Amino acid sequence: MSSAVTSAAHRSQVLSLYRSLLHHSSKFAAYNFRDYAIRRTRDAFHAAKSESDPEKIQAMIHKAQKELEVVKRQSLISQLYSGEKLVLETSKHQRNFIGRH
């Protein structure tokens, strides 16, 4: 397989993984976990952006796939045991309503 084809295949696979990780990270019920997972995903993909070695890229893809499975599982569990939202997560309208009562 040529380098350009391999590169294009890796690129589409990496973008799909990135979108999936962000999507499932945003499903965490707890603000701190959600924010951490999103930030960690962005930082990890940004740090690996300039990698050009196909073997290292494949290893990173494999690691990201494992992390995606963990994020999926943990975000589902967090939704089952979610608590009250933080003040930080409520809209201004909701804060005003809560403050009046």
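Residues numbered from 1 in each chain as written. Predicted model: local features only at pLDDT ≥ 70, side-chain atom pairs only at ≥ 80, totals over all residues. Heavy atoms only, no water.

J.: Please explain the side chain of S75 as it appears in this structure.
T.: For S75, the position within the fold is in helix α3 (residues 54-80). If we ignore the near neighbours within four places in the chain, the residues touching S75 are H24, K27 and F28. (Helix = DSSP H or I, 4+ residues; strand = E, 2+ residues; numbered from the N terminus. Contact = heavy atoms within 4.5 Å.)

J.: I tried to follow helix α2 (residues 31-47) on my own but got confused; where do I start?
T.: When the terminal C-alpha atoms of α2 are compared, their 24 Å separation across 17 residues agrees well with the 24 Å that a helix rising 1.5 Å per residue should span. R34, A37, I38 and T41 are the residues of α2 that are buried. End-on view of α2: buried residues confined to an arc of 95°, all on one side of the axis. Looking at α2, the residues exposed on the side facing more than 90 degrees away from the buried face are N32, H46 and A47. (Expected span 1.5 Å × (residues − 1). Buried < 20%, exposed > 50% of the residue type's maximum accessible area, 1.4 Å probe, protein only. Arc of directions from axis to C-beta.)

J.: I keep staring at the pattern of salt bridges and nothing clicks. Help me out?
T.: A side chain with one charge may pair with a side chain of the opposite charge, provided their charged atoms come close. Scanning all chains against the criterion turns up two salt bridges. As a salt-bridge pair, D35 and R39 come within 3.0 Å of each other at their nearest N and O atoms. In this pair, D35 and R39 both sit in helix α2, four residues apart, roughly one turn of the helix. Residue E69 is joined to K72 by a salt bridge in which the shortest nitrogen-to-oxygen separation is 3.8 Å. Placement of the pair is E69 and K72 together in helix α3, with a separation of three residues, close to one helical turn. Judged by its relative accessible area of 42%, E69 falls in the partly exposed class. Given the relative accessible area of 33%, K72 is considered partly exposed. (Salt bridge = Lys/Arg side-chain N within 4 Å of Asp/Glu carboxyl O.)

J.: What is the right way to read the environment of Y36 from this model?
T.: Note that Y36 resides in helix α2. Since its relative accessible area comes to 48%, Y36 is described here as partly exposed.

J.: How do you make sense of the side chain of S78 when you look at a structure like this?
T.: Among the structural elements, S78 can be located in helix α3. Here A29 takes part through its backbone nitrogen, which lies 3.1 Å from a polar atom of the side chain of S78. (Polar contact = N/O pair within 3.5 Å; in protein donor to acceptor, adjacent residues only side chain to side chain.)

J.: Would you explain the environment of G83 in this entry?
T.: Mapped onto the secondary structure, G83 falls in the loop between α3 and α4 (92-100). Looking at G83, the relative accessible area reads 65%, which means it is exposed. As a C-alpha pair, G83 and A30 span 53 residues in sequence and 7.6 Å in three-dimensional space.

J.: Honestly, the nonpolar core in this entry has me stumped. Any pointers?
T.: Side chains of nonpolar character tend, in soluble globular proteins, to be buried together. Counting nine residues, the largest nonpolar core consists of L17, L21, F28, A37, I57, I61, A64, L68 and V71. Where this core is concerned, the elements lending two or more residues are α1 (3-25) and α3. Broken down by element, this core gets its largest block of residues, five residues, from α3. What V71 contacts, discounting residues up to four positions off in sequence, is L21, H24, S25 and F28. (Core = buried A, V, L, I, M, F, W, Y, C linked by side-chain atoms within 4.5 Å.)

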